[in-house]
Amino acid sequence: MLALTPAMIAAALLSGALIGLFLATFGGGGSVLAAPLLIFAVGVTDPHLAIGTSAAAVAAIALVNLAGHWRAGRVKWPCALTFAGAGFTGSLLGSTLALQVDGRWLLLGFSLAMAAIGLTMLRKPKSEGNADVHLTLRMLLRLAPAGFATGVAAGFFGIGGGFLIVPGLMMAAGMTLSNAAASSLVSVAVFGAATSANYALAGSVDLRLAGLLLAGGAVGGGAGLLVARAMATRIRTARIGFAVMIIGVAIYVAWSAAQQILG
């Protein structure tokens, strides 16, 4: 078991706070920073351990956030459960494949996923859609394959997958951005739980670190809500800045992984 020093504990709490801050402020993308922060800030040397642990933390954070959206009536449960149910098998498959990949190459692939998330966040989100969608057979036939494919990607890279789930729900079900963002948390929780369970069976999850990330995330999330309100008129500019930061971190992660592979 990883020996946690006071410095590592403090770094994990601060990392969780940073993730929670970004998640609450921008509504997505922040969870992708969990694994890099565990590696480069906390000092976790095994990429598999970092990805498995971050998946557990992301699943827990998603469940906490889901409760509020559920009470507000924004979650479209039939569509959300269909997407998440199909993606559950995909996330198990993706995480099983990831465990067979050398950690250095997995980290390189993770950096590419990070860059894709950053580029996706640069696009202006669309708010159009039907706020009163109901699950139909035709819609189910679109949601199921989209959910499975997204689950594979989320499981392989150990990410929440919100940047894929939200547009997937909007395209397959025609729901609004607000409903898709809320409903996506069901899949984020399911994919994260499945991925972390698979990694846990391989001994690649540290629940102590996941708990520290969650604790820090609760504090950072509260601060993020205040920041989001203060920046309500400038959220698009802030989101672009955050996306650029993610792309920058992705470049650094890719460079580090390449150095390990070539070295």
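Here we summarise the structure given alongside this text. Here the structure is a predicted model, which means the values were calculated and not measured.

Tracing the sequence through the fold places Ala-146 in helix 6 (residues 137-157). With 18 residues separating them in the primary sequence, Ala-146 and Leu-164 have C-alpha atoms 9.4 Å apart.

In this structure the tally under the stated criterion is two salt bridges. Here Arg-104 ties to Asp-102 by a salt bridge, and the two come within 3.0 Å at their closest N and O atoms. Taking relative accessible area as the criterion, Arg-104 reaches 33% and is therefore assigned partly exposed. The exposure class of Asp-102 is partly exposed, given its relative accessible area of 35%.

This part is about the side chain of Ser-15. In this fold, Ser-15 is placed in helix 1 (residues 6-26). Side-chain polar atoms of Ser-15 contact the backbone oxygen of Ala-11, separated by 2.7 Å.

Another point: the packing of aromatic side chains. Going through the model one piece at a time under the given rule, you end up with four aromatic pairs. Centroid distance Phe-156 to Phe-157: 5.0 Å. Interplanar angle 85°. Geometry classified as edge-to-face. When its relative accessible area of 22% is taken as the criterion, Phe-156 is described as partly exposed. By way of ring pairs, the aromatic residues Phe-40, Tyr-252 and Trp-255 are connected into one cluster.

Conventions used here
- Residues numbered from 1 in each chain as written.
- Predicted model: local features only at pLDDT ≥ 70, side-chain atom pairs only at ≥ 80, totals over all residues.
- Heavy atoms only, no water.
- Helix = DSSP H or I, 4+ residues; strand = E, 2+ residues; numbered from the N terminus.
- Salt bridge = Lys/Arg side-chain N within 4 Å of Asp/Glu carboxyl O.
- Buried < 20%, exposed > 50% of the residue type's maximum accessible area, 1.4 Å probe, protein only.
- Polar contact = N/O pair within 3.5 Å; in protein donor to acceptor, adjacent residues only side chain to side chain.
- Phe/Tyr/Trp six-rings, centres within 6.5 Å; stacked < 30°, edge-to-face > 60°.

Fair warning: the whole summary comes from geometry, so function is off the table for now.
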